[in-house]
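What follows is each chain in one-letter form.
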Amino acid sequence: MPLYSKCIEPKENTTQPCVVFLHGLLGSIGDWEKIASAIAKTHPVLLIDLPGHGNNRLINVSESHGFEQTCRLVVEQLESSPYHEFIFVGYSLGGRIAMYLNAYFKLLDNIVLCGLCIEGGNFGLHSAEEKQARLKNDIAWAERFEQQPIADVLNDWYQQKVFSSLNPEQRQVLVVKRSDNLGKSIGMMLRSTSLAKQPHLLEALHRSTIPILYICGEADNKFQHLAEQSQLTYHIIAQAGHNAHVEQPERFTHVLNTFLQQWK
């Protein structure tokens, strides 16, 4: 079953690469629509709901091959589009999927990956101990999403340290917004695409010859540290936390547009 996606074409014909937006866990293509509309003035845009999310909430991937299956489904959407050159913009889980595609998934001859913009995406864990602890944590959250009322779980989810920049009102807005997810589908994706199951992808990014930009919010201490240590080109969004493109959409759009100018 193909993934649901939405294509936005510029009013004027263009030869620019298509910009593909991949959302994070609990998100959907709706998270990107404001930014995507601005980008679509100069570039074709493809918005994709990941498995278990949005209009694809009933599409599952296996617990043992979640990354590979998700990437294959994304590539199928690229193949069915009228474009053959693509730039990925991925947030958190979407960023990890984009990096995985760049490193491990063989794209077909008629598909060219031209660039990567990663927002708050984790490159991967090094030690077996880190992976074991992360898998245990992700499974515990997955069980809660699968078994408990989703609003209750989300109230605790947004108390995690990575979301510490959010104020109570912002947390409540996210809880309401994300409560339309299916708990079982979110649990499935937590198990299938756990960071514990992801290879470390930074070396592959260093080997890559395409332009790469890493973005994070200035209040997102964990990912700002990862960006600083990564040796990648990075940009820090002022007055934003982990979810910079939602907290500061205008600033994020400006940074992304600047990155995309090299294809004009």
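To be clear, the structure that these remarks concern was listed above.
This structure is a prediction, so every number in the text was calculated from the model and none was measured.

**Some remarks on the overall build of the protein**
So, step 1. Helix and strand counts for the protein come out as 11 helices and 7 strands.
So, step 2. For the protein, whose C-alpha radius of gyration is 17 Å, the value lies close to the compact-globule estimate of 18 Å for 264 residues.
So, step 3. Taken over the C-alpha atoms alone, the protein extends approximately 50 × 40 × 35 Å along its principal axes.
So, step 4. Looking at the protein as a whole, 54% of its 264 residues qualify as buried.
So, step 5. Summarising the internal contacts of the protein: among those between residues at least 6 apart in sequence, 75% fall at separations of at least 24.

**Observations concerning the pairing of strand β7 (residues 234-237)**
So, step 1. Here strand β6 (residues 212-217) pairs with β7 via 4 bridges, running parallel. Within the sheet, the bridge partner assigned to Gly217 lies in β7 and is Ile237.
So, step 2. In this fold, β6 hands off to helix α9 (residues 221-229), which returns the chain to β7; that crossover is right-handed.

**A few points about the packing of aromatic side chains**
The relation between two aromatic rings is expressed through the spacing of the ring centres and the mutual angle of the planes.
So, step 1. One pass over the structure, following the stated rule, counts 10 aromatic pairs.
So, step 2. When the ring of Phe67 is compared with that of Tyr100, the centres are 5.1 Å apart and the planes differ by 20°; the resulting orientation is stacked. With Phe67 in helix α2 (residues 66-80) and Tyr100 in helix α3 (residues 93-104), this pair connects stretches of sequence that are 33 residues apart.
So, step 3. Relative accessible area serves as the criterion here: at 8%, Tyr100 is assigned to the buried category.
So, step 4. Members of the aromatic cluster, each reached through a chain of ring pairs, are Phe21, Trp32 and Phe252.

**Focus on the pattern of salt bridges**
So, step 1. Tallying each qualifying case throughout the model produces 7 salt bridges.
So, step 2. Here Glu33 and Lys6 are joined by a salt bridge, their closest N and O atoms 3.2 Å apart. With Glu33 in helix α1 (residues 33-39) and Lys6 in strand β1 (residues 5-8), the pair connects residues that are 27 residues apart, well separated along the chain.
So, step 3. A salt bridge links Arg191 to Glu146, with the nearest nitrogen and oxygen atoms 2.9 Å apart. Of the two residues, Arg191 sits in helix α7 (residues 183-192) while Glu146 sits in helix α4 (residues 128-147), which places them 45 residues apart along the sequence.
So, step 4. Given a relative accessible area of 18%, Arg191 falls into the buried group.

**Section: the sheet that holds β7**
So, step 1. The strand order across the open sheet formed by 7 strands is β1-β3-β2-β4-β5-β6-β7, and the pairing between neighbours is mixed. The sheet is open, and its two edges are formed by β1 and β7, each paired on a single side. For this sheet the average axis-to-axis angle between neighbouring strands, irrespective of direction, equals 20°.
So, step 2. Sheet topology places β1 next to strand β3 (residues 45-48); 4 bridges connect them, and they run antiparallel.

**As for the nonpolar core**
So, step 1. In terms of nonpolar packing, the biggest core is built from 59 residues, with Leu22, Phe88, Leu101, Phe145, Trp157, Tyr158 and Leu205 touching the most fellow members.
So, step 2. The residues touching Leu22, leaving out its near neighbours within four places in the chain, are Trp32, Ile48, Leu50, Val74, Phe88, Val89, Gly90, Tyr91, Gly94, Ile97 and Ala98.

**Considering the environment of Glu68**
So, step 1. Along the chain, Glu68 turns up in helix α2.
So, step 2. A residue is classified by how much of its surface remains accessible, and Glu68, at 28% relative accessible area, is partly exposed.
So, step 3. Glu68 sits 125 residues away from Thr193 along the chain, and the two C-alpha atoms are 9.5 Å apart.
So, step 4. Apart from the residues within four sequence positions on either side, Glu68 is in contact with Tyr100 and Phe105.
So, step 5. One polar contact links Glu68 to Tyr100, side chain to side chain, over a distance of 3.4 Å.

**Brief notes about the side chain of His53**
So, step 1. With respect to the element layout, His53 can be found in the loop between β3 and α2.
So, step 2. On the basis of relative accessible area, His53 is assigned to the buried category, the value being 0%.
So, step 3. There is a polar contact of 3.0 Å between the side chain of His53 and the backbone nitrogen of Leu26.
So, step 4. Dropping the residues within four chain positions of it, His53 is found in contact with His23, Gly24, Leu25, Leu26, Gly27, Asn181, Ile186 and Met189.

**What to know about the side chain of Arg178**
So, step 1. If you trace the backbone, Arg178 turns up in helix α6 (residues 168-178).
So, step 2. A distance of 3.5 Å separates the side chain of Arg178 from the backbone oxygen of Leu26, its partner in a polar contact.
So, step 3. Here Arg178 is in contact with Leu26, Gly27, Asp31, Ile150, Leu154, Tyr158 and Asn243, once residues within four sequence places are set aside.

**Some remarks on the packing of helix α5 (residues 150-157) against α6**
So, step 1. Viewed as axis vectors pointing N to C, α5 and α6 meet at an angle of 145°, and their least axial separation amounts to 9 Å. Between α5 and α6 lies a crossing of right-handed hand. Contacts between α5 and α6 involve Ile150, Ala151, Leu154 and Asn155 on the former and, on the latter, Gln172, Val175 and Arg178.
So, step 2. Of the residues belonging to the contact of α5 with α6, the class tally is 4 nonpolar, 2 polar and 1 charged.

Basis of the calculations
Residue indices begin from 1 for each chain and proceed along its sequence in written order. A pLDDT threshold of at least 70 governs which residues receive local features in this predicted model, and a stricter bar of 80 or more applies before side-chain atom pairs are shown or counted, although totals over entire chains, interfaces and linings include all residues. Just so you know, side-chain values use all the structure's heavy atoms and leave hydrogens and water out. Helical segments are the DSSP runs of H or I of at least four residues, strand segments are the runs of E of at least two, and each set is numbered from the N terminus. Note that the radius of gyration is over C-alpha atoms, with the globule rule given as 2.2 Å times the number of residues to the power 0.38. Only protein chains enter the area calculation, which uses a 1.4 Å probe; residues under 20% of their type maximum are buried, those over 50% are exposed, and those in between are partly exposed. Working rule for contacts: check all heavy atoms of both residues, and any pair within 4.5 Å makes them a contact. Criterion used throughout: strands pair if DSSP finds at least two bridges between them. Crossovers are described as right-handed under a simple rule: with the strands pointing away from the observer, the path leading from the first strand over the helix to the second runs clockwise. Note on aromatic contacts: the rings of Phe and Tyr and the six-membered ring of Trp form a pair at centre separations within 6.5 Å, being stacked when their planes are under 30 degrees apart, edge-to-face when over 60 apart, and tilted otherwise. For this analysis, a salt bridge means a side-chain nitrogen from Lys or Arg found within 4 Å of a carboxyl oxygen belonging to Asp or Glu. Here an angle of 0 to 180 degrees is reported between the N-to-C directions of two axes, which are lines fitted to C-alpha atoms, with helices fitted over the stretch in contact. In plain words, nonpolar cores are sets of buried Ala, Val, Leu, Ile, Met, Phe, Trp, Tyr and Cys residues tied together by side-chain atoms within 4.5 Å. Identification of polar contacts relies on pairs of N or O atoms within 3.5 Å, with a donor-acceptor requirement for protein atoms, meaning one able to donate a hydrogen and the other able to accept it, and with residues adjacent in sequence counted only if both atoms are side-chain atoms. Handedness of a helix crossing follows the sense of rotation of the near helix relative to the far helix, less than a right angle counterclockwise being left-handed and clockwise being right-handed. Polar here means any residue outside two lists: the nonpolar Ala, Val, Leu, Ile, Met, Phe, Trp, Tyr, Cys and Pro, and the charged Asp, Glu, Lys and Arg; Gly therefore counts as polar.

Keep in mind that these numbers describe shape and distance, not what the molecule does.
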